Amino acid sequence: MSAAATRSELVVADAVVAGVAARAAVAVPGVVRVEPGLRGLVAELTRAGRQLWTGFETAPTDGVRVLRDDGVLAVQLEIAIGPERHAGVVATAVQHGVIRTVREQTGVRIDEVSVLVVDIEPEAR
């Protein structure tokens, strides 16, 4: 058997990258949750329909989109944060955490992480 015949390629599905990114984001101090915006709600309806049709359950990735374009991998997250930390500091920490965690757990290199803060939760009373 030649070396070329024994090579294999590992492909990590976008849903796996999205799931790891979502868990990495909520692990960042100051993040309350990954929040599906309007686009996320539409995606959730589509995902629910696909689950009913196929009988398979997909990973919960509300508020996370994975985009591939010409070899560039981008992740977009929509998050809700608490009031105790500055939004820019939390968003930057999410970017770094997602890049690091996805690389460690999947071997996939993310080229871009966009974070949109869609809500700031009020303090608990």
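Above this text you will find the structure in question.
Because the structure is a prediction, the values reported are computed rather than measured.

Caption draft 1: Highlighting the pairing of strand β2 (residues 64–69). Pairing of β2 with strand β3 (residues 72–81) involves 6 bridges; the strand directions are antiparallel. Each bridged residue has a counterpart across the sheet, and for L67 the counterpart in β3 is A74. The turn linking β2 back onto β3 is made up of 2 residues, and D70 within it adopts a positive phi angle of 50°.

Caption draft 2: Summary view of unusual backbone geometry. Look at D70: it is not a glycine, yet its phi comes out positive at around 50°. Topologically, D70 is positioned in the loop between β2 and β3.

Caption draft 3: Quick look at the nonpolar core. Residues L77, V94 and V98 are the most contacted members of the largest nonpolar core, which totals 25 residues. Taken together, the elements giving at least two residues each to this core come down to α2 (14–26), β1 (31–34), β2, β3 and α4 (87–106). Per element, the largest residue contribution to this core is 7 residues, and it comes from α2. In contact with L77, other than residues within four places in its own chain, are A21, A25, G63, V64, V94, V98, V113, S114, V115 and L116.

Caption draft 4: Examining the side chain of T101 more closely. Counting through the fold element by element, T101 comes out in helix α4. On the accessibility criterion, T101 (15% relative accessible area) is buried. Not counting residues within four places of it along the chain, the set of residues in contact with T101 comprises V20 and A24.

Rules used throughout
Residues numbered from 1 in each chain as written. Predicted model: local features only at pLDDT ≥ 70, side-chain atom pairs only at ≥ 80, totals over all residues. Heavy atoms only, no water. Pairing = 2+ DSSP bridges. Helix = DSSP H or I, 4+ residues; strand = E, 2+ residues; numbered from the N terminus. Core = buried A, V, L, I, M, F, W, Y, C linked by side-chain atoms within 4.5 Å. Buried < 20%, exposed > 50% of the residue type's maximum accessible area, 1.4 Å probe, protein only. Contact = heavy atoms within 4.5 Å.

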